[in-house]
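Tertiary structure, described
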Amino acid sequence: LEPHYIHGDQFGPLSDLEDIWQYEDEALLGPSHAYPWRLNKAASEIGVRVVLDGLDGDTTVCHGVPRLREIAQKGEWRYFFQEATAVSKNFEVPVYSLFKSYGIPQLQAQARRLRLCSFTTALNEIHQTFGVTYKKLILNYGIKSFIPNFFKQLFKRKQTPVKSETEPLINRDFAQRIDLDKRIKSMDQSPHEASTTKEYHWQGLNAGIFPYINEQLDRYAMPFSLDIRHPFLDKRLVEFCLALPAEQKLNQGWGRMVMRRGLENILPKAVQWRGGKTSMTPNFVHGMLKLNGKLVDEVICNDLNLIEKYIEADIVREAYERMKSGVKESDDDNITVWRAVILAMWFRRKQPLT
């Protein structure tokens with residue numbers, strides 16, 4: 001194998017827009033488009049005709065973390081906290097977050113069904129893991145479990161105002177004029193919460209984002225006469241991975257266990273047994289502020305008026321100032337600036353009628 005390197009810190013998310021927009025007939029959903037574009041360009045320059053990529057190994061092989069829900073459903077609470085603690089160690093996720101997502105709903109269900117043996121076992125494990133008193137555990141996960149959800153929701157509504165579905169970035173008048181909250185709710189076809197790891201896996205494989213991404217990657221390959229193929233999305237491999245038992249997806253705190261085992265003596269140990277992934281955010285910020293900084297400044301100063309009917313320009317400017325200062329109010333600042341800039345540049349390019 002002869003390696004060829006594309007240096008991701010030498011171009012920004014706005015560097016190739018004019019070229020990309022010759023083929024991409026819409027504003028861009030996310031800022032990672034620049035990487036496949038540059039990869040395809042480099043592959044074409046060295047004479048490559050067929051490219052095999054890694055889309056989307058995570059979903060096909062499956063991290064399998066919802067297996068914790070299955071373990072809790074069976075009342076195997078000691079095993080639940082052993083696996084949750086191992087996941088926490090390997091992926092730097094708080095144990096309580098895992099318990100809150102996958103354990104508490106099952107614990108409350110067991111209390112309502114009067115499965116006292118399982119419920120008592122759970123309380124002992126929770127007490128040993130978090131040090132919470134038995135009195136508090138019985139109140140929160142036992143007695144309160146019998147309060148109907150209707151009254152819980154009613155009490156919650158009285159305590160907190162109804163939250164709009166619309167993001168703060170969206171212009172209020174625009175959102176109200178088109179009844180955006182209603183549109184969002186009517187289009188929300190999120191599947192019900194999966195009760196098994198296999199069902200969770202199936203839902204991920206059927207997500208609508210896959211056709212969109214595949215079509216986009218095809219458009220990024222055609223300008224360079226490349227044939228892009230996705231081995232992880234091979235139907236036979238997808239069906240095989242979906243059929244695997246849950247313990248081949250999550251085991252001993254490791255997701256995608258079947259692949260880690262299958263690559264024994266092939267990958268270096270540090271790669272085979274790594275936990276999370278590196279964050280792309282620092283390079284995105286570097287590209288926006290350093291490599292594309294002049295263009296971003298120009299758009300923020302001169303072009304937000306093109307989209308002010310649709311977004312709150314002040315929110316964008318405030319987020320941009322925090323982004324430049326390095327003091328972010330939240331992790332949403334980067335994506336807020338990105339969405340506004342890419343939309344304004346698209347409007348400027350298309351010059352829509354007003």
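Each chain carries its own residue numbering, running from 1 in the written order of its sequence. Residues qualify for local features only when their pLDDT is at least 70, as the model is predicted, and side-chain atom pairs are given and counted only at 80 or more; totals for whole chains, interfaces and linings, by contrast, use all residues. Side-chain numbers here rest on the full set of heavy atoms in the structure, without hydrogens or water.

Regarding the overall build of the protein
As a reminder of what qualifies: Secondary structure elements follow DSSP: runs of H or I no shorter than four residues count as helices, runs of E no shorter than two count as strands, and numbering proceeds from the N terminus. Only protein chains enter the accessibility calculation, which uses a 1.4 Å probe; a residue whose area is less than 20% of its type maximum is buried, one above 50% is exposed, and one in between is partly exposed. Residue contacts are defined here by distance: any two heavy atoms, one from each residue, within 4.5 Å place the two residues in contact. The Shrake-Rupley method, run with a 1.4 Å probe sphere, supplies the accessible areas, and residue values consider only the shown protein chains as cover. Under the convention used here, Asp and Glu are negative, Lys and Arg are positive, and both His and the chain ends fall outside the count. Lysine's charge is taken at NZ, arginine's at CZ, aspartate's at CG and glutamate's at CD.
Of regular secondary structure, the protein possesses 20 helices and four strands. Each principal axis of the C-alpha atoms in the protein carries an extent, and together these give about 65 × 55 × 35 Å. The proportion of buried residues among the 354 residues of the protein is 37%. A sequence separation of at least 24 residues applies to 68% of the contacts in the protein between residues at least 6 apart. Counting only carbon and sulfur atoms, one obtains 55% of the accessible surface of the protein, whose full area is about 21600 Å². Positive and negative charge centroids in the protein, built from 48 and 44 side chains respectively, lie 8 Å apart.

Notes on unusual backbone geometry
Put simply, Leu 55 and Asp 56 share a cis peptide bond, and its omega is -20°. Following the sequence through the fold, Asp 56 ends up in the loop between β1 (50-52) and α3 (57-61). The phi torsion at Glu 92 lies on the positive side, around 55°, for a residue other than glycine. Tracing the backbone through its elements, the reader meets Glu 92 in the loop between α5 (77-91) and α6 (95-112).

With respect to helix α18 (residues 293-302)
Basically, it comes down to this: The arc refers to the directions leading from the helix axis to the C-beta atoms.
Turning to α18, its buried residues number three or more, namely Gly 293, Val 296, Val 299 and Ile 300. In a view along the axis of α18, the buried residues occupy a sector of 130°, so they form one face of it. Away from the buried face of α18 by more than 90 degrees, exposed residues Lys 294, Cys 301 and Asn 302 are located. Tucked inside the fold, the buried residues of α18 contact α17 (281-291), α19 (313-325) and α20 (332-350).

With respect to α17
All of the buried residues along α17 are Phe 284, Gly 287 and Met 288. The buried residues of α17 occupy one face: seen down the axis, they fall within an arc of 90°. What points out from α17, more than 90 degrees from its buried face, is the exposed set Pro 282 and Lys 290. Residues of α17 that are buried sit in contact with α18, α19 and α20.

Describing the state of the cysteines
Using the following cut-off: Any two cysteine sulfur atoms lying within 2.5 Å of each other are counted as a disulfide.
Tallying each qualifying case throughout the model produces zero disulfides. Looking at Cys 62, it has no disulfide partner, and the nearest cysteine sulfur is the one in Cys 241, 9.0 Å off. Looking at Cys 241, the relative accessible area reads 3%, which means it is buried.

Things to note about the packing of α18 against α19
As a reminder, the rule being used: To obtain each axis, a line is fitted to C-alpha atoms, and for helices this fit is confined to the stretch in contact; angles are then taken between N-to-C directions over 0 to 180 degrees. An angle below 35 degrees is read as roughly parallel, one above 145 as roughly antiparallel, one from 65 to 115 as roughly perpendicular, and any other as oblique. Crossing handedness: left-handed means the near helix sits turned counterclockwise from the far one by under a right angle, and right-handed means the same turn made clockwise. Amino acids outside the nonpolar list (Ala, Val, Leu, Ile, Met, Phe, Trp, Tyr, Cys, Pro) and the charged list (Asp, Glu, Lys, Arg) are all regarded as polar, and Gly is one of them.
Running from amino to carboxyl end, α18 crosses α19 at an angle of 155°, the nearest separation of the two axes being 11 Å. When the axis of α18 is compared with that of α19, the two are roughly antiparallel. Both α18 and α19 take part in a crossing whose hand is left-handed. The segment α18 lies against α19, with Gly 293, Val 296, Asp 297 and Ile 300 engaging Val 316, Arg 317, Tyr 320 and Lys 324. For the contact of α18 with α19, a count of residues per class yields four nonpolar, one polar and three charged.

Observations regarding the packing of α5 against helix α7 (residues 116-130)
Between α5 and α7, whose axes approach to 9 Å, the crossing angle comes to 35°. Pair α5 / α7 crosses with right-handed handedness. Residues Trp 77, Arg 78 and Phe 81 of α5 form the contact with α7, whose participating residues are Ser 118, Thr 121, Ala 122, Glu 125, Ile 126, Thr 129 and Phe 130.

Considering the packing of aromatic side chains
Note the threshold: Here is the rule: rings of Phe, Tyr and Trp (six-membered ring for Trp) pair when centre to centre is within 6.5 Å. Planes less than 30 degrees apart are stacked, more than 60 are edge-to-face, and the remainder are tilted.
Per the stated rule, a full pass over the model turns up 20 aromatic pairs. When the centroid spacing of 5.1 Å and the interplanar angle of 90° are considered together, the rings of Phe 174 and Tyr 310 count as edge-to-face. Residue Phe 174 is located in helix α10 (residues 172-177), and its partner Tyr 310 is located in the loop between α18 and α19; the two are separated by 136 residues in the primary sequence.

Some remarks on the nonpolar core
Our working rule: Residues enter a nonpolar core if they are buried and are Ala, Val, Leu, Ile, Met, Phe, Trp, Tyr or Cys, with the set joined through side-chain atoms within 4.5 Å.
Counting residues in hydrophobic clusters, the biggest one holds 36 residues, and the most contacted among them are Leu 14, Met 288 and Val 341. Considering every element that reaches this core, the biggest residue donor is α20, with nine residues. Setting aside its immediate chain neighbours within four residues, Val 341 contacts Leu 14, Val 296, Val 299 and Ile 300. Listed in part, the 22 residues of the second largest apolar core include Trp 77, Ala 111, Leu 137 and Leu 250.

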